[in-house]
Amino acid sequence: MLDKLEMFIALAREAHFGRAAASLGITQPTLSTGIKQLEDQLGVQLVFRASRFGGLTPEGQTALVWARKIVGDARQLREEMRFKREGLSGQLRLAVIPTALTWVARLASEFGKKHPNVRFTILSRTSVEILSMLDNLEIDAGISYLDNEPMGRVSTEPLYEERYMLVCARSSPFSKRDSVGWNEIGGARLSLLTPDMQNRRIINRNFAAVDTTPETWIESNSTIVLAAMVERGDSLTILPEDMAEFLAQRRSFALVPLHGPEPAHSVGLVAPYREPHTPVLDALMRTARNMSKSGR
């Protein structure tokens, strides 16, 4: 039953029999047979079928909620038993908004000092993707914004407050300033994250609050691309303070604080709402709490 529920969750996530089978490392006929056997066991049709995947039936939507809960509980049971045998060990899967990648490196490093037998998989994803991956049991936790857009029912642990810096070449007229207003850079040539990023939506809102429309010439989902454009002298960019300071190392950048009407936004650890958490996840959240208190 657990294997079939895993297949069902993968199919709901991928919305495609072939992709779902590939994600599980099985053949498409094996997946199709598993879904049909699950339907027979439950006595309902879970999936609309035509020449391709047609979506979940109403019964399938209800079953998906239970499938996620049952599979999540089963995984938690395995984690608890492994903890009893081996202590903290295993793999932690994290998805992180691009502007918090420097912070997840700190978190993983700090966690690893006390728990060296735990390995990490760290992915860069949008805030929307992080919530979806939590729902689909693809990750154990994420790092995202906590106070800007609706998140649903999750457990959270704040890490830091995000404040913005203008990143420019040292030859830029802004480089000698103590601070810059959002309205002053609206007409400048900007390189910014893509609109699917919550960071970009916050930046757009900051400009709108001062009745300014940004001149965006380059959009990317990579902060490395934005930094490279600034380094070439082709544009300015706006990044959170920690990421800006990291990218400015050994580069000829100037970092200038931005001031405006928008408050700083809280960024932190996001985990499934499940009590108790697995021992590994509980330890990770304690590490995040301690880092936030110490200001690291």
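Structure's up top.
To keep things clear, this report deals only with the structure shown in the data block. (Residues numbered from 1 in each chain as written. Predicted model: local features only at pLDDT ≥ 70, side-chain atom pairs only at ≥ 80, totals over all residues. Heavy atoms only, no water.)

1. A look at the sheet that holds strand β4 (residues 118-124)
Step number 1: Strand order in the open sheet formed by five strands is β4-β3-β5-β13-β6, with mixed pairing between adjacent strands. The open sheet has two edge strands with one neighbour each: β4 and β6 (154-162). Looking at each pair of strands side by side, their axes are set apart by 25° on average, direction ignored.
Step number 2: Pairing between strand β3 (residues 90-96) and β4: seven bridges, direction parallel. (Pairing = 2+ DSSP bridges. Helix = DSSP H or I, 4+ residues; strand = E, 2+ residues; numbered from the N terminus. Axes fitted to C-alpha atoms, helices over the stretch in contact; angles between N-to-C directions.)

2. A word on the sheet that holds strand β9 (residues 189-193)
Step number 1: On the basis of which strands lie adjacent, the open sheet formed by six strands has the order β8-β12-β7-β11-β9-β10 and mixed pairing. Only two strands of the sheet have a single neighbouring strand rather than two, namely β8 (180-181) and β10 (215-220).
Step number 2: Docked against the sheet, helix α9 (residues 241-248) engages β7 (164-169), β11 (236-240) and β12 (253-259), running at close to 120° with respect to β11. (Contact = heavy atoms within 4.5 Å.)

3. Examining a nonpolar patch on the surface
Step number 1: Taken together, the side chains of L2, V65, W66 and I70 make up a nonpolar region of the molecular surface, amounting to roughly 400 Å² of accessible area.
Step number 2: Positionally, W66 belongs in helix α4 (residues 58-86). (Patch = residues over 30% accessible without salt bridge, like charges linked within 9 Å, V, L, I, M, F, W, Y side chains within 5 Å. Areas by Shrake-Rupley, 256 points an atom, 1.4 Å probe, with all protein chains shown as cover. Salt bridge = Lys/Arg side-chain N within 4 Å of Asp/Glu carboxyl O.)

4. Things to note about the packing of aromatic side chains
Step number 1: Under the criterion given, the structure shown has five aromatic pairs.
Step number 2: Considering the side-chain rings of F111 and F120, the 5.7 Å spacing of their centres and the 90° angle between planes classify their relative orientation as edge-to-face.
Step number 3: On the basis of relative accessible area, F120 is assigned to the partly exposed category, the value being 23%.
Step number 4: Consider the rings of Y164 and W182, whose centres lie 6.1 Å apart with planes at 75°: the pair is edge-to-face. (Phe/Tyr/Trp six-rings, centres within 6.5 Å; stacked < 30°, edge-to-face > 60°. Buried < 20%, exposed > 50% of the residue type's maximum accessible area, 1.4 Å probe, protein only.)

5. Remarks on α9
Step number 1: All buried positions along α9 are accounted for by D242, M243, A244, L247 and A248.
Step number 2: Those residues of α9 that are buried lie in contact with α5 (101-114), β7, α8 (223-231), β11 and β12.
Step number 3: Looking one or two residues past α9, R250 carries a phi angle of roughly 60°, positive in sign.

6. Considerations on the pairing of β3
Step number 1: Taken across its seven residues, β3 has five buried, putting it largely inside the fold.
Step number 2: For the segment spanning β3, α5 and β4, crossover handedness is right-handed.
Step number 3: Bridge analysis of β3 against strand β5 (residues 141-145) gives three bridges, and the strand direction is parallel. Along β5, the bridge assignment pairs L94 with A141. (Right-handed = clockwise from strand over helix to strand, strands pointing away.)

7. A closer look at the pattern of salt bridges
Step number 1: The tally for this structure, following the rule as stated, stands at 15 salt bridges.
Step number 2: Notably, a salt bridge pairs R75 with E6, separated by 3.0 Å at the nearest N-O pair. Separated by 69 residues along the polypeptide, R75 in helix α4 and E6 in helix α1 (residues 2-14) bring together distant segments of the chain.
Step number 3: For R75, a relative accessible area of 24% translates into the label partly exposed.
Step number 4: Classification of E6 by relative accessible area gives partly exposed; the value is 22%.
Step number 5: Of the charged contacts, one joins R49 and E39 as a salt bridge, the two residues approaching to 2.9 Å between their closest N and O atoms.

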